[in-house]
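Here is how the chains run, residue by residue.
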Amino acid sequence: MIARDSKRVPAGGAPPPGSGNVEIRGPVRVIDGNTLEVRINGNQVGIGILGVNAPQGNTPCGRDARNLLENILKLGALRLEEDPAEAFDEQKRRMYSPSVQGRSLALEMAKAGVARINGKGRLLGELLRAEAEARTARRGCIWRALNAFNEPTIEDIPVPKAAERAAGNLAEERNAAAGPALAQGFVIDTVASNFTMPTAFTFLPDGRILIAEQTGLVWVYKNGSVLPTPLIDLRDRVNAYWDRGLIGIATDPNFTNNGYVYFLYVHENNALDYGGPKTGRLTRVTVSGDTANPSTEVPLLGTQVGPGCGGYPAGSDCIPAESPSHSVGNIRFAPDGSLYASFGDASSFNLVDDEALRAQNLDSLAGKVVRIAADGKGLPTNPFYSGSVNTNRSKIWAYGVRNAFRLNLRPGTDTPYVGDVGWGQMDEVDVATRGANLGWPCYEGAFRQEGYEAKPACQTLYGQGNTAVRFSLVEWYHGGISSAVTAGAFYTGTTYPAEYQGSYFYGDYGMSFIKSIHVDSNHQLIGGPYDFLTSADAPTAIEMGPDQNLYYLALGSGELRRIRYVVGSDTIAPVVASVNP
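Everything numeric in this text was worked out from a predicted model, so none of it was measured.

## Focus: the state of the cysteines
And then number 1: Scanning the entire structure with this criterion turns up three disulfides.
And then number 2: Note on cysteine connectivity: Cys442 is disulfide-linked to Cys458, with sulfurs 2.2 Å apart. Disulfide Cys442-Cys458: torsion about the S-S bond near -85°, hence left-handed. Here Cys458 lies in helix H8 (residues 456-463) and Cys442 lies in the loop between strand S30 (426-431) and strand S31 (443-444), a separation of 16 residues in the sequence.
And then number 3: By sequence order of its bonded cysteines, the protein chain has the disulfide arrangement 1-2, 3-4, 5-6.

## Topic: the confidence of the model for the protein chain
And then number 1: On average, residues of the protein chain carry a pLDDT of 89, and 90% of them reach 70 or more.
And then number 2: Below pLDDT 50 for its whole length, residues 146-179 participates in 75 contacts with residues either more than four positions away or in separate chains.
And then number 3: A low-confidence stretch, residues 569-581 (pLDDT under 50), is modelled with 34 contacts involving residues beyond four sequence positions or located in other chains.

## Section: the sheet that holds S30
And then number 1: Ordered in space as S28-S29-S30-S33, the four strands form an open sheet in which the pairing is antiparallel. Two strands bound the open sheet, and with one partner strand each, they are strand S28 (406-410) and strand S33 (474-477). The sheet shows a mean angle of 10° between the axes of neighbouring strands, taken without regard to direction.

## Describing the nonpolar core
And then number 1: Counting residues in each nonpolar core, the largest one holds 36 residues, and the members touching the most others are Leu282, Ile331, Leu339, Phe343, Tyr504 and Tyr506.
And then number 2: Excluding residues that lie within four positions of it along the chain, Ile331 makes contacts with Gly248, Ile249, Ala250, Tyr262, Phe263, Leu264, Leu282, Leu339, Tyr340 and Ala341.
And then number 3: Ile24, Val30, Leu80 and Ala115 belong to the second largest nonpolar core, which has 35 residues in total.

## Re the pattern of salt bridges
And then number 1: Enumeration according to the criterion identifies 32 salt bridges in this entry.
And then number 2: The closest approach of N and O atoms between Arg94 and Glu82, which form a salt bridge, is 2.4 Å. In this pair, Arg94 is assigned in strand S8 (residues 94-100) and Glu82 in the loop between strand S7 (78-81) and S8, connecting sequence segments 12 residues apart. Of the two residues, Arg94 and Glu82, both sit in the buried class.
And then number 3: Arg237 is paired through a salt bridge with Asp236; the nearest N and O atoms lie 3.1 Å apart.

## Side note on the sheet that holds strand S32 (residues 447-449)
And then number 1: Strand order in this open sheet of three strands is S1-S32-S31, and the pairing throughout is mixed. Either end of the sheet is taken by a strand with one partner, and the two such strands are strand S1 (8-9) and S31.
And then number 2: Bridge analysis of S1 against S32 gives two bridges, and the strand direction is parallel. Bridge assignment links Val9 to a residue of S32, and that residue is Gln449.

About the thresholds
Residues numbered from 1 in each chain as written. Predicted model: local features only at pLDDT ≥ 70, side-chain atom pairs only at ≥ 80, totals over all residues. Heavy atoms only, no water. Disulfide = S-S within 2.5 Å. Helix = DSSP H or I, 4+ residues; strand = E, 2+ residues; numbered from the N terminus. pLDDT = per-residue confidence, 0-100. Contact = heavy atoms within 4.5 Å. Pairing = 2+ DSSP bridges. Axes fitted to C-alpha atoms, helices over the stretch in contact; angles between N-to-C directions. Core = buried A, V, L, I, M, F, W, Y, C linked by side-chain atoms within 4.5 Å. Buried < 20%, exposed > 50% of the residue type's maximum accessible area, 1.4 Å probe, protein only. Salt bridge = Lys/Arg side-chain N within 4 Å of Asp/Glu carboxyl O.

Spelled out as structure tokens, the structure:
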């Protein structure tokens, strides 16, 4: 019989140089005017467009470039032509000359005046002529605004009007009408809608709900609608490139007295280098009424910020975010007042990247679950306490995670349940017990990760045997479809049927499902996974509300939704039990 840890999962990432041209018939995500995200052989791949440079995505001209690409991509399949001399760029993107129905994306951008040529690729002559024509005609934003590359425009992103954000009369979306396959007896309500890339939410003790958007806006749901003025606007300090942004939010257990709310985001140190390496930051603000002044923000963790953590000494208070993904995650308070947070490995998903090995390094915050005091200090009761509350080791609770952008705590034990996004094969739900090594990058799921297997750190870990790693509670093969497991919440209420009480609910952003499982007192799986909702519209956060119902954010539709059990009753319950402050 083959030992569990001797099996392998293939390395993920982009095709190697010389692997040839590729045709993409599945979904294509436009990151900005320079970058596409696709699936090749089941792997997430970031594509750079050979031949042109577009303005950064946080500028008006950059948004024009993105819109042009999105419109062209609607016309048909994407063909990626390889240039072996230009395989990867400095951002570790896989470089191709992309086209749709014979139309070169680089050439179309140059013609439209939304990008400048950079002298690379096989279409240089055609690109030179197209650029010259656009320049002469002053066509496109590049030639109308010569400072388009250096124009940070955080302030010109409009705040939506109240009429555009209100959820109406909170009309009930029953399963038969809305379409999702939902467990029998349950219905879905839209609580609030019209959000743009909603990433996280939290409940306040008085019934208000705070909903965070990726760019750094935080909205207040109160008395049945979303207020026209945001709680806070952090867009000038949040970097929202690709999968970065404001990802975590939490309410202080003593909020009624101190008004504290916590945010976990990728920090923008230089808006002129929007896609460049960054760092993460955990901060606290003070809420007064329905708003919080950004001047009240206090950094708690990740006080060293800049273009990545490489310029700081080992052990510095720096949260890596060099990659466009795998950055910051979730934050949750335990009943004892300690705060748990999760950080990704901040490495490339395109290729084997030694930065991923930081997940095994206890002096780095990359790839970790931390447990800290509310002031950001480490705790003497943590497993790797060094004798000082200021060291990274003293803050680490568990390690070896890749992209744990969601975690929650099991009631009664305060044990973190973590959703860790896999690379080429497996997504998983992990139980991050005290001091646990969850295996990444040496393991993906329960098996050795082939791309990192030969690394000395992994060979050392394998030599310690299976007991050195806490393997996943639940894992599943995503086959190039799933993009992010959404670790959810335990149901501790009584309004759901008995078979759901005590269940742990988790989701998957890519496959758009929500499932449930049962675990015993030792965190062992004893039932499930069971299908609960098979079309959740890209769930990014799942929480249990004060009214004993599950709530989740549907990224696909920009909605906050509630799931209720209504068999035997035709009465529509109030949205939140204590919604009126």
